[in-house]
Amino acid sequence: MPTNVSRTGAIAAAAWLLAFGPARAETYEFLAAPQTDLNRMFRVETTTGEVGVCQFAVKDGSAGVTLCLSAGEGAGPQEAGLYGLAASNHVQEGGVYRVEKRTGRMSACYVLGDQVVCTPQAR
């Protein structure tokens, strides 16, 4: 069998695995809340739009802990898209906006109790 044929087949197989294989990696985007006295970091999964948040907390006798809150109302997976995060320039704003970059839809996401929540997407 000619070498270029087997190389072509290997390239096609590798491309298929990258596109459809179980090893597809999730991709996240991160953004700190604009509030200047808050140590809160938001994350969004760029394909599903699921939003999470983590923050540092002091713990006596240790280096501290990272507290991560689960996705609550509206913050779970959305319709597949290309999601990102945007912050307002308001220094007292504790939340961020989840933006769908292809459609322009956005929702405000913030911490409520022990979860991150997001408003319904709007345009």
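Here the structure is shown first, and the text comes after it.
S.K.: Which residues make up the nonpolar core, and what values go with them?
M.R.: With 13 residues, the main nonpolar core has F42, V51 and V116 as its most contacted residues. At the level of secondary structure, the elements contributing two or more residues to this core comprise β2 (40-45), β3 (51-57), β5 (83-86) and β8 (115-118). Setting aside its immediate chain neighbours within four residues, V51 contacts F42, R43, V44, A71, A75, R98, C109, V116 and C118.

S.K.: Mind laying out the state of the cysteines, listing which residues take part and the relevant values?
M.R.: A complete count under the given rule lists two disulfides for this structure. For C54, the disulfide goes to C68, at an S-S distance of 2.0 Å. Disulfide C54-C68: torsion about the S-S bond near 110°, hence right-handed. A residue pair is termed long-range when its members are at least 10 positions apart, and C54 in strand β3 and C68 in strand β4 (residues 65-71) qualify at 14 residues. Using a relative accessible area of 16% as the deciding quantity, one classes C54 as buried. The class of C68 is partly exposed, set by a relative accessible area of 48%. The residue that forms a disulfide with C109 is C118, at a sulfur-sulfur distance of 2.1 Å. Between C109 and C118, the S-S dihedral sits near 110°, and the bridge is therefore right-handed. Here the chain pairs its bonded cysteines, counted in sequence order, in the arrangement 1-2, 3-4.

S.K.: Give a description of the environment of A122 that names residues and reports values.
M.R.: Inspection of the secondary structure puts A122 in the segment after β8. With 19 residues separating them in the primary sequence, A122 and T103 have C-alpha atoms 10.0 Å apart. In this structure A122 touches G104, R105 and M106, once residues within four positions along its chain are discounted.

The rules behind each value
Residues numbered from 1 in each chain as written. Predicted model: local features only at pLDDT ≥ 70, side-chain atom pairs only at ≥ 80, totals over all residues. Heavy atoms only, no water. Core = buried A, V, L, I, M, F, W, Y, C linked by side-chain atoms within 4.5 Å. Buried < 20%, exposed > 50% of the residue type's maximum accessible area, 1.4 Å probe, protein only. Helix = DSSP H or I, 4+ residues; strand = E, 2+ residues; numbered from the N terminus. Contact = heavy atoms within 4.5 Å. Disulfide = S-S within 2.5 Å.

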